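# Summary of the model geometry
The chain contents come next:
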Amino acid sequence: MTKLSTLCYIEKDGQYLMLHRTVKKNDVNKDKWIGVGGHFEQGESPEECLLREVKEETGYTLTSWKYRGLVTFVYGEDIVEYMSLYTADGFEGEPIECDEGQLEWVDKSKISQLELWEGDKIFFRLLDEGREFFSLKLVYNTSDVLEYAALDGIPMELFDELDSEGNKTGIVKERGVVHEEGALHATSHVWIVRKNGQDIDTDAGTVQRYDVLLQKRSENKDSNPGCYDISSAGHVEAGRGYLESAIRELEEELGIQALPEQLKEIGIRRCGFEGEFYGRPFKDNEISMLYLYEEAVDIEKLRLQESEVSEVIWMDYRECYEKIRENSFKHCIYTDEFDMLGKALGLI
């Protein structure tokens, strides 16, 4: 079944007019908060549908509006809907009661606290970023779980939300939404090391010293651009596990084809921070599985993923340890994680 519809977010004074869909029993949007709009009538243009639906649901006559995006909404195996998305900042008339739910003006900053489709959170973010126009595809299963999203034809990253114990909640979120909300999610961190032929005296005796491979993050990264970081790290995609994600990231970022048995698990930890990048807030809240990779690596032969990594270097663990604590170089390495690495190598 293919449908055509419009959806409009009317705005004033930093608020959107939201419709809480509570009336219809067999409503795919039941209990969710959305904008106002509806399906095309025979022969209508998107704008004619927009003006009619807004008038019928709110009582307002729009005087200023803008076409912001085309949303392809796929639900289960039977429903495909092409939705023309609008925002409107001019209207006149007196409000009326809506027969599909309750209308309420909501501060834009509080929209994410409402019960929304996860895909709606994506286009709210795109609207907030000032995108002139976009094409967004959203695919859901019949349990309302987001299974796929693509922006302008390019697949978007989706992550499983985790609870405080590290268990999946059953909710899947898009990467940008995750870092906007600070939702807990999973990541895999791989530390590549090599013995450097030097010794160090410890309480346990004399042990080998190690170099660690550091990657320098691309200047285009959405967080901590240009900072030295873990050898290889990445998010765990929805439906995936820590180990397969670690192996995938090694190949994508560095061109290393690792075998599962070559990665040694050295611990799991929860970490996060809040910052601002490119004028927008960024919240990181993750549970990370740490791995050790000790196979021979020639950095001159690595194939770096340009969008993620600008360069890689070897640095003696002790030297790096001191630099991290003195904050004497630009990095985004967590001190306690580097301690975990040192303990796994027998250096601390």
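Each remark here, short or long, concerns the structure printed above.
What counts as what
- Residues numbered from 1 in each chain as written.
- Predicted model: local features only at pLDDT ≥ 70, side-chain atom pairs only at ≥ 80, totals over all residues.
- Heavy atoms only, no water.
- Helix = DSSP H or I, 4+ residues; strand = E, 2+ residues; numbered from the N terminus.
- Buried < 20%, exposed > 50% of the residue type's maximum accessible area, 1.4 Å probe, protein only.
- Contact = heavy atoms within 4.5 Å.
- Core = buried A, V, L, I, M, F, W, Y, C linked by side-chain atoms within 4.5 Å.
- Salt bridge = Lys/Arg side-chain N within 4 Å of Asp/Glu carboxyl O.
- Pairing = 2+ DSSP bridges.
- Axes fitted to C-alpha atoms, helices over the stretch in contact; angles between N-to-C directions.
- Parallel < 35°, antiparallel > 145°, perpendicular 65-115°, else oblique.
- Left-handed = near helix turned anticlockwise from the far one by under 90°.
- Nonpolar A, V, L, I, M, F, W, Y, C, P; charged D, E, K, R; others polar.
- Phe/Tyr/Trp six-rings, centres within 6.5 Å; stacked < 30°, edge-to-face > 60°.
- Lys NZ or Arg CZ within 6 Å of the ring centre and 35° of its normal.
- Expected span 1.5 Å × (residues − 1).
- Polar contact = N/O pair within 3.5 Å; in protein donor to acceptor, adjacent residues only side chain to side chain.

Let us look at the overall build of the protein chain. For the protein chain, the count of helices and strands is 6 helices and 19 strands. Along the first, second and third principal axes, the C-alpha set of the protein chain runs to 80 × 40 × 35 Å. The buried share among the 348 residues of the protein chain stands at 49%. The contacts in the protein chain between residues at least 6 apart in sequence include a share of 63% that link residues at least 24 apart.

Counting residues in each nonpolar core, the largest one holds 32 residues, and the members touching the most others are Tyr9, Met18, Ile122 and Phe123. If you list the elements that add at least two residues to this core, you get strand 1 (2–12), strand 2 (15–21), strand 3 (33–34), strand 5 (61–75), strand 6 (79–92), helix 2 (118–128), strand 8 (134–140) and strand 9 (146–151). For this core, the element with the highest residue contribution is helix 2, accounting for 5 residues. Other than its neighbours up to four places away in sequence, Met18 contacts Tyr9, Trp33, Ile34, Gln102, Leu103, Glu104, Val106, Ile111, Leu114, Leu116 and Phe124.

Overall, the coordinates contain 31 salt bridges when judged by the stated rule. Across the pair Glu129 and Arg125 runs a salt bridge whose closest N-O atoms are separated by 3.0 Å. Using a relative accessible area of 10% as the deciding quantity, one classes Arg125 as buried. Residues joined in a network through salt bridges with shared partners are Glu41, Glu44, Arg52, Glu53 and Glu56.

Moving on, we come to the environment of Val54. Mapped onto the fold, Val54 is located in helix 1 (residues 46–58). With 45 residues separating them along the chain, Val54 and Tyr9 place their C-alpha atoms 9.8 Å apart.

Next up on the list: unusual backbone geometry. Despite not being glycine, Asp31 has its phi angle at roughly 70°, a positive value. Take Asp31: it is sitting in the loop between strand 2 and strand 3.

Where strand 1 meets strand 6, 9 bridges bridge the pair, whose relative direction is parallel. Considered in strand 6, the bridge of Ile10 is made with Ala88. In this structure, strand 5 lies alongside strand 6, joined through 13 bridges in antiparallel fashion. Considered in strand 6, the bridge of Ser64 is made with Gly90. The turn linking strand 5 back onto strand 6 is made up of 3 residues, and Gly76 within it adopts a positive phi angle of 60°.

The next subject is the packing of helix 5 (residues 317–326) against helix 6 (residues 335–344). Two elements in contact, helix 5 and helix 6, have axes separated by 11 Å at closest approach and are oriented at 160°. By the angle between their directions, the pair helix 5 and helix 6 is classed as roughly antiparallel. For the pair helix 5 and helix 6, the crossing hand works out as left-handed. From helix 5, Tyr317, Cys320, Tyr321, Ile324 and Arg325 reach across to helix 6, where they touch Thr335, Phe338, Asp339, Leu341 and Gly342. Taken together, the residues of the contact of helix 5 with helix 6 break down into 6 nonpolar, 2 polar and 2 charged.

Here we take up the packing of aromatic side chains. Taken as a whole and judged by the stated rule, the model has 21 aromatic pairs. Aromatic side chains Tyr16 and Phe124 sit 5.7 Å apart centroid to centroid with 45° between the ring planes, which places their arrangement in the tilted category. Highlighted residues: Tyr16 in strand 2 and Phe124 in helix 2, separated in sequence by 108 residues. Of the two residues, Tyr16 and Phe124, both sit in the buried class. Pairwise contacts between aromatic rings join Tyr9, Tyr16, Phe123 and Phe124 into one cluster. For Lys108, the ring lying beneath its charged end belongs to Tyr16, and the centroid distance is 4.7 Å.

Time to look at the side chain of Glu249. Residue placement: Glu249 occurs in helix 4 (residues 242–254). Residues contacting Glu249, with those up to four places away along its chain left out, are Ser232, Ala233, Gly234, His235 and Leu254.

So, about helix 4. Given a rise of 1.5 Å per residue, 13 residues ought to cover 18 Å, and the 18 Å separating the end C-alpha atoms of helix 4 matches this to within 8%. Among the residues of helix 4, Ser245, Ala246, Ile247, Arg248, Glu249, Leu250, Glu253 and Leu254 are the ones counted as buried. Looking one or two residues beyond helix 4, the residue adopting positive phi is Gly255, at roughly 80°.

With 10 of its 11 residues buried, helix 2 lies for the most part within the structure. Phi turns positive, to about 85°, at Gly130, one or two residues after helix 2.

Turning our eyes to something else, we now look at the side chain of Ser5. By the secondary structure assignment, Ser5 is in strand 1. Separated by 2.5 Å, the side chains of Ser5 and Glu81 make a polar contact. Dropping the residues within four chain positions of it, Ser5 is found in contact with Gly38, His39, Phe40, Glu81, Tyr82, Met83 and Ser84.

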